[in-house]
Amino acid sequence: MLAQLTRNLTATSLASSPRVFERMLGGLGVTNAIWDFRPDPDRFTLREILAHLADMEAVWNQRMRRMLDEANPGLPNVDENQLAIDHDYPHRDPYDSLVRFHAERADTLRILGGLSDAQWQRTGLIMERIPMTLETLAVHIAGHDGYHTGQVADWLDFAADARIS
């Protein structure tokens, strides 16, 4: 079980992530070529990252609700690449995605905000057999944010070096 301080730090990190992405990307302008710059062909563009963050936040919210409402529910895997195809990430408005990410994250924070110690320990089964607690999921989400924050910083650096604007 995580200490209350660690839970509080995780919640603070989760609360700040949408603002961090907004500060990093908010001034680019919707027609900027940087949105579709892809330094690594196997990873998302900036436009796709924001769509991905919004979609995954909705998935995690659904998982949290099921973990709270059901006894140890099976949590289906999400094929992120298929989700990107199904939701047409290359053509999504990045600012709409950012607004949706803010809204979904606010929902996450509402869910996590009033949990008892016992609720933090509620579990769901990922990959059909591996238990994950709500607190582990919250830490995972914060780590996922950090991964994409680093990716955005790298992409902005690469674009600056390539003089993409």
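The following refers to the structure shown.

Reading the values: rules and limits
- Residues numbered from 1 in each chain as written.
- Predicted model: local features only at pLDDT ≥ 70, side-chain atom pairs only at ≥ 80, totals over all residues.
- Heavy atoms only, no water.
- Salt bridge = Lys/Arg side-chain N within 4 Å of Asp/Glu carboxyl O.
- Helix = DSSP H or I, 4+ residues; strand = E, 2+ residues; numbered from the N terminus.
- Buried < 20%, exposed > 50% of the residue type's maximum accessible area, 1.4 Å probe, protein only.
- Expected span 1.5 Å × (residues − 1).
- Core = buried A, V, L, I, M, F, W, Y, C linked by side-chain atoms within 4.5 Å.
- Contact = heavy atoms within 4.5 Å.

With that settled, consider the pattern of salt bridges. A side chain with one charge may pair with a side chain of the opposite charge, provided their charged atoms come close. Applying the stated criterion to the full structure yields twelve salt bridges. Its salt-bridge partner being Glu48, residue Arg38 comes within 3.0 Å of it at the nearest N-O pair. Taken together, the residues Arg38 in the loop between helix 1 (4–25) and helix 2 (46–69) and Glu48 in helix 2 connect sequence positions ten residues apart. Classification of Arg38 as partly exposed rests on a relative accessible area of 36%. A relative accessible area of 6% means that Glu48 is categorised as buried.

The next point concerns helix 2. Taking 1.5 Å per residue, 24 residues should reach 34 Å; helix 2 reaches 35 Å between its end C-alpha atoms and fits that length. The buried fraction of helix 2 amounts to 18 of the 24 residues, a majority that puts the element mostly inside the structure.

Turning to the nonpolar core, a few remarks are in order. Phe21, Leu46, Leu50, Met64, Leu112 and Leu137 are the most contacted members of the largest nonpolar core, which totals 38 residues. Elements supplying a minimum of two residues to this core: helix 1, helix 2, helix 3 (80–86), helix 4 (94–113) and helix 6 (134–162). For this core, the element with the most residues is helix 2, which contributes eleven residues. Setting aside residues no more than four positions away along its own chain, Leu46 makes contact with Leu25, Leu28, Ile34, Trp35, Val152, Trp155 and Leu156.

Don't take any of this as a statement about function, it's just geometry.
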